[in-house]
Protein chains: 2
Amino acid sequence: MEGEQTRIMVAVNQSTIKGYPHPSISSKRAFEWTLQKIVRSNTSGFKFLFLHVLVPDEDGFDDVDSIFASPDDFKELKQRDNARGLHLLEYFVTRCHEIGVACESWLKKGDPTEVICLEAKRVQPDFLVVGSRGLGPFKKVFVGTVSEFCAKHAECPVITIKRREDETPEDPVDD
Amino acid sequence: MEGEQTRIMVAVNQSTIKGYPHPSISSKRAFEWTLQKIVRSNTSGFKFLFLHVLVPDEDGFDDVDSIFASPDDFKELKQRDNARGLHLLEYFVTRCHEIGVACESWLKKGDPTEVICLEAKRVQPDFLVVGSRGLGPFKKVFVGTVSEFCAKHAECPVITIKRREDETPEDPVDD
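A quick note: this is a predicted structure, and the numbers were derived from the prediction, not measured.

Parameters and conventions
Residues numbered from 1 in each chain as written. Chains lettered and ligands numbered in written order. Predicted model: local features only at pLDDT ≥ 70, side-chain atom pairs only at ≥ 80, totals over all residues. Heavy atoms only, no water. Helix = DSSP H or I, 4+ residues; strand = E, 2+ residues; numbered from the N terminus. Buried < 20%, exposed > 50% of the residue type's maximum accessible area, 1.4 Å probe, protein only. Contact = heavy atoms within 4.5 Å. Areas by Shrake-Rupley, 256 points an atom, 1.4 Å probe, with all protein chains shown as cover. Pairing = 2+ DSSP bridges. Least-squares fit on C-alpha atoms with pLDDT ≥ 70 in both. Buried area = accessible area lost by both parts, 1.4 Å probe. Salt bridge = Lys/Arg side-chain N within 4 Å of Asp/Glu carboxyl O. Polar contact = N/O pair within 3.5 Å; in protein donor to acceptor, adjacent residues only side chain to side chain. Nonpolar A, V, L, I, M, F, W, Y, C, P; charged D, E, K, R; others polar. Expected span 1.5 Å × (residues − 1). Core = buried A, V, L, I, M, F, W, Y, C linked by side-chain atoms within 4.5 Å.

(A) Here's a closer look at the overall build of chain A. Broken down by element type, chain A carries six helices and seven strands. Buried residues in chain A amount to 43% of all 175 residues. At a minimum sequence separation of 6, the contacts of chain A that also span at least 24 residues come to 78%. For chain A, the exposed surface amounts to about 9,500 Å²; the carbon and sulfur share of it is 53%.

Printed below as a string of structure tokens:
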């Protein structure tokens, strides 16, 4: 007898190399690892909850080329950001659909570390999966790591999945 | 199609209240959580690897009452420690047997934090589950936490499972 589905929250982000809507190597890896090692063939036993946090300033470079003349321009910007985030989520939702695993996904804006922990508190998943670039201590100081913060501050159990060595880009800060 | 079993290493220890062969509240919780949330009904998809680390000095109090007069006395001591540890492992192996999940278990002596990480490196599980008393930062300073060390230093993914509030003993350092 199986009880309620195990609810797995996965925090996903975009590729730093290819940009939206492509998922980062570590998000993709975290998800695929969870499918392969935890869900396995028991597709009805689990439900994925995908969260993507839009970082307000991250698109600053593009915005330089935009003209903001009316409140509507800002609305469009907001919509464009949302659309990008949604296309990223689409990747994971499509994968789940292909495999036949239940899922939900949603966007939030803000600082990923804080928002992921707050959302984990709100939706109360059974556990949270976060991808990690697996950076060494030196690199970490400069780029910050979402996974470490979550592992420390999230109220639910957290499992951090590192990228495989053979997937690590030339600059390991890329993802 | 299911590939190779997912190998879950679980570090277990004895109850600080009832002593050997009783498992600690947090070890038991970590194991039961893994069964309920990860293994679920897919008992053939997983294999548990239970490690118990015997801490050489932990039995110091009993040893005061023992007389060590010949090398054999020391051998007996060693055997007694091993027997205690084995009876602890028996608890988990019996549970697995009842449920029908494959498992292996073994003892090691040493400092739990180091030994768990070394053994994780040696046996290369898919992930490591460690129970945690969920102590606040103040208590942690005095008692040290195996789970935090493992989460930081083990090479494989680590999932830390906290005790439930309603299972926490009067003195939260107890387990």
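Here the narrative resumes, following the displayed structure.
(B) Spatial organisation of the pairing of strand E6 (residues 127-132) of chain A. All names here are of chain A. Where burial is concerned, most of E6 is hidden: six out of the six residues are buried. By the alternation rule, side chains of E6 split into Phe-127, Val-129 and Gly-131 and Leu-128, Val-130 and Ser-132, which are all buried. As judged from the four bridges shared by strand E1 (residues 6-12) and E6, these two strands associate in the parallel manner. The partner of Ala-11 across the bridge, within E6, is Val-130. Relative to strand E7 (residues 158-162), E6 is paired through five bridges, and the arrangement is parallel. Residue pairing in the sheet places Val-129 in a bridge with Ile-159 of E7.

(C) Highlighting the relation of the copies chain A and chain B. The operation relating chain A to chain B is a screw motion whose rotation component is 180 degrees, with 0.0 Å of axial translation and a residual RMSD of 0.0 Å. The superposition of one copy onto the other is thereby described by a two-fold rotation axis. Measuring from the rotation axis to each C-alpha of chain A, the shortest distance belongs to A:Ile159, at 2.6 Å. A shared binding surface is used by both copies, with 100% of the interface residues of chain A retained as interface residues in chain B.

(D) A look at the interface of chain A and chain B. If you look at the interface, chain A gives 24 residues, while chain B gives 24 residues. Of the roughly 1,700 Å² buried between chain A and chain B on both sides combined, carbon and sulfur atoms contribute 47%. Across the contact surface, chain A and chain B share two salt bridges. Residue A:Asp126 is joined to B:Lys37 by a salt bridge in which the shortest nitrogen-to-oxygen separation is 2.9 Å. At the surface where chain A touches chain B, the tally comes to 10 residue pairs in polar contact (both at pLDDT 80 or more). At the level of secondary structure, the elements contributing two or more residues to the side of chain A that touches chain B comprise helix H1 (25-39) and E7 of chain A. For the side of chain A that touches chain B, the class distribution of residues is nine nonpolar, eight polar and seven charged.

(E) View of H1(A). With 15 residues, H1(A) extends 20 Å between its outermost C-alpha atoms, agreeing within 8% with the 21 Å of an ideal straight helix rising 1.5 Å per residue. With 11 of its 15 residues buried, H1(A) lies for the most part within the structure.

(F) Helix H4 (residues 112-123) of chain A, seen in detail. All names here are of chain A. Along its 12 residues, H4 runs 16 Å from first to last C-alpha, staying within 8% of the 16 Å computed at 1.5 Å per residue. For H4, the full list of buried residues reads Thr-113, Val-115, Ile-116, Cys-117, Glu-119, Ala-120 and Val-123. Check the buried side of H4 and you find it contacts E1, strand E4 (46-54), strand E5 (102-109), E6 and helix H6 (146-153). Of the residues one or two after H4, Gln-124 is the one with positive phi, at around 50 degrees.

(G) Examining the environment of A:Thr94 more closely. Residues and elements named next belong to chain A. Relative to the helices and strands, Thr-94 is located in helix H3 (residues 71-99). You can call Thr-94 partly exposed: its relative accessible area is 36%. Once the C-alpha coordinates of Thr-94 and Gly-3 are considered, the two residues, 91 residues apart in sequence, prove to be 26 Å apart. A polar contact is formed between the side chain of Thr-94 and the backbone oxygen of Glu-90, at a distance of 2.6 Å.

(H) Here's a closer look at the pattern of salt bridges. All names here are of chain A. Considering all chains together, one arrives at 18 salt bridges over all chains under this definition. Lys-121 is paired through a salt bridge with Glu-155; the nearest N and O atoms lie 3.5 Å apart. Taken together, the residues span a long stretch of sequence, with Lys-121 in helix H4 and Glu-155 in the loop between H6 and E7 at a distance of 34 residues. Classification of Glu-155 by relative accessible area gives exposed; the value is 52%. Its salt-bridge partner being Asp-166, residue Arg-164 comes within 3.1 Å of it at the nearest N-O pair. The exposure class assigned to Arg-164 is partly exposed, which follows from its relative accessible area of 38%. Connected via shared salt-bridge partners are Glu-32, Arg-95 and Glu-98.

(I) Layout of the side chain of A:Thr34. Residue and element names in this part refer to chain A. Checked against the element boundaries, Thr-34 lands in helix H1. Taking the relative accessible area as the measure of exposure, Thr-34 reaches 0% and is therefore buried. Residues contacting Thr-34, with those up to four places away along its chain left out, are Ile-8, Val-39, Phe-48 and Val-129.

(J) How the structure looks around the nonpolar core. Counting residues in each nonpolar core, the largest one holds 47 residues, and the members touching the most others are A:Phe48 and B:Phe48. The contact partners of A:Phe48, leaving out residues within four places of it in the chain, are A:Ile8, A:Val10, A:Phe31, A:Thr34, A:Leu35, A:Val39, A:Cys96, A:Val101, A:Ala102, A:Cys103 and A:Glu104.

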